[in-house]
Amino acid sequence: MSDLKKTTDWFAACKVEDAVHNGGVCIKYENSQIALFYFTRRNEWYATQNECPHRRQMALSRGMIGSAGEEPKIACPFHKKTFSLATGECLSGGECAIKTYPVKVENGLVYIGIKN
Ligand code: FES
């Protein structure tokens, strides 16, 4: 199915006040783990898969966020591979990208979008 035909289901992941500033939390959604990041310095939110594709560790929510130029990025705590928080692209020269999810904030709640 093309992206144009997909709909987005939004689920409430957490309260804004429960998010870690300049860091991530792991959100369980059905059988998946999603890493939710509150990039306070940039006033931006991002969500990605929690599993690092390098050695399949459920670890990205515990990684360190930062910027590569204008690109927001996450570094896996295990072997420091970095990924774009915006696109999921591997910034360490690897082939493996990570999945990203849209995030929105409404009425003090943080919502993550799942495309169906
Ligand atoms: S497991 Fe993430 S960089 Fe190796």
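Preceding block: the structure.
Predicted model, so just to flag it, every value in this text is computed and none were measured.

Engineer: Which residues make up the sheet that holds strand E4 (residues 44-49), and what values do they have?
Structural biologist: Strand order in the open sheet formed by 4 strands is E2-E3-E4-E10, with antiparallel pairing between adjacent strands. The sheet terminates laterally at strand E2 (23-29) and strand E10 (100-101), the two strands that pair on one side only. Note that E4 and E10 share 2 bridges and pair antiparallel. Bridging from a neighbouring strand, Thr-48 pairs with Thr-100 of E10.

Engineer: Describe in detail the environment of Asp-9, supporting the description with residues and values.
Structural biologist: Residue position: Asp-9 is located in strand E1 (residues 8-15). The exposure class of Asp-9 is partly exposed, given its relative accessible area of 40%. Put simply, Asp-9 and Lys-28 are 19 residues apart on the chain and 15 Å apart in space, counted from C-alpha to C-alpha. Among the polar contacts listed, one links the side chain of Asp-9 to the side chain of Asn-116, at a separation of 2.4 Å.

Engineer: Account for the sheet that holds strand E7 (residues 64-68), with residues named and values stated.
Structural biologist: Working definition: the strands of a sheet are paired by backbone hydrogen bonds and lie parallel or antiparallel to each other. The 3 strands are arranged E7-E8-E9 in an open sheet whose pairing can be described as antiparallel. With one partner strand each, in any of the chains shown, E7 and strand E9 (82-84) form the two edges of the open sheet. Shown here is a sheet whose adjacent strand axes are inclined to one another by a mean of 35°, direction ignored. In the sheet, E7 pairs with strand E8 (residues 71-75) via 5 bridges, with the strands oriented antiparallel. Bridge pairing in E8 places Ser-67 opposite Pro-72.

Engineer: Which residues make up the side chain of Thr-82, and what are the values?
Structural biologist: Along the polypeptide, Thr-82 turns up in strand E9. The buried category is assigned to Thr-82, whose relative accessible area is 13%. Excluding anything up to four places from it in sequence, Thr-82 contacts Lys-73, Ile-74, Ala-75, Glu-89, Cys-90, Leu-91 and Ser-92.

About the cut-offs
Residues numbered from 1 in each chain as written. Predicted model: local features only at pLDDT ≥ 70, side-chain atom pairs only at ≥ 80, totals over all residues. Heavy atoms only, no water. Pairing = 2+ DSSP bridges. Helix = DSSP H or I, 4+ residues; strand = E, 2+ residues; numbered from the N terminus. Buried < 20%, exposed > 50% of the residue type's maximum accessible area, 1.4 Å probe, protein only. Polar contact = N/O pair within 3.5 Å; in protein donor to acceptor, adjacent residues only side chain to side chain. Axes fitted to C-alpha atoms, helices over the stretch in contact; angles between N-to-C directions. Contact = heavy atoms within 4.5 Å.

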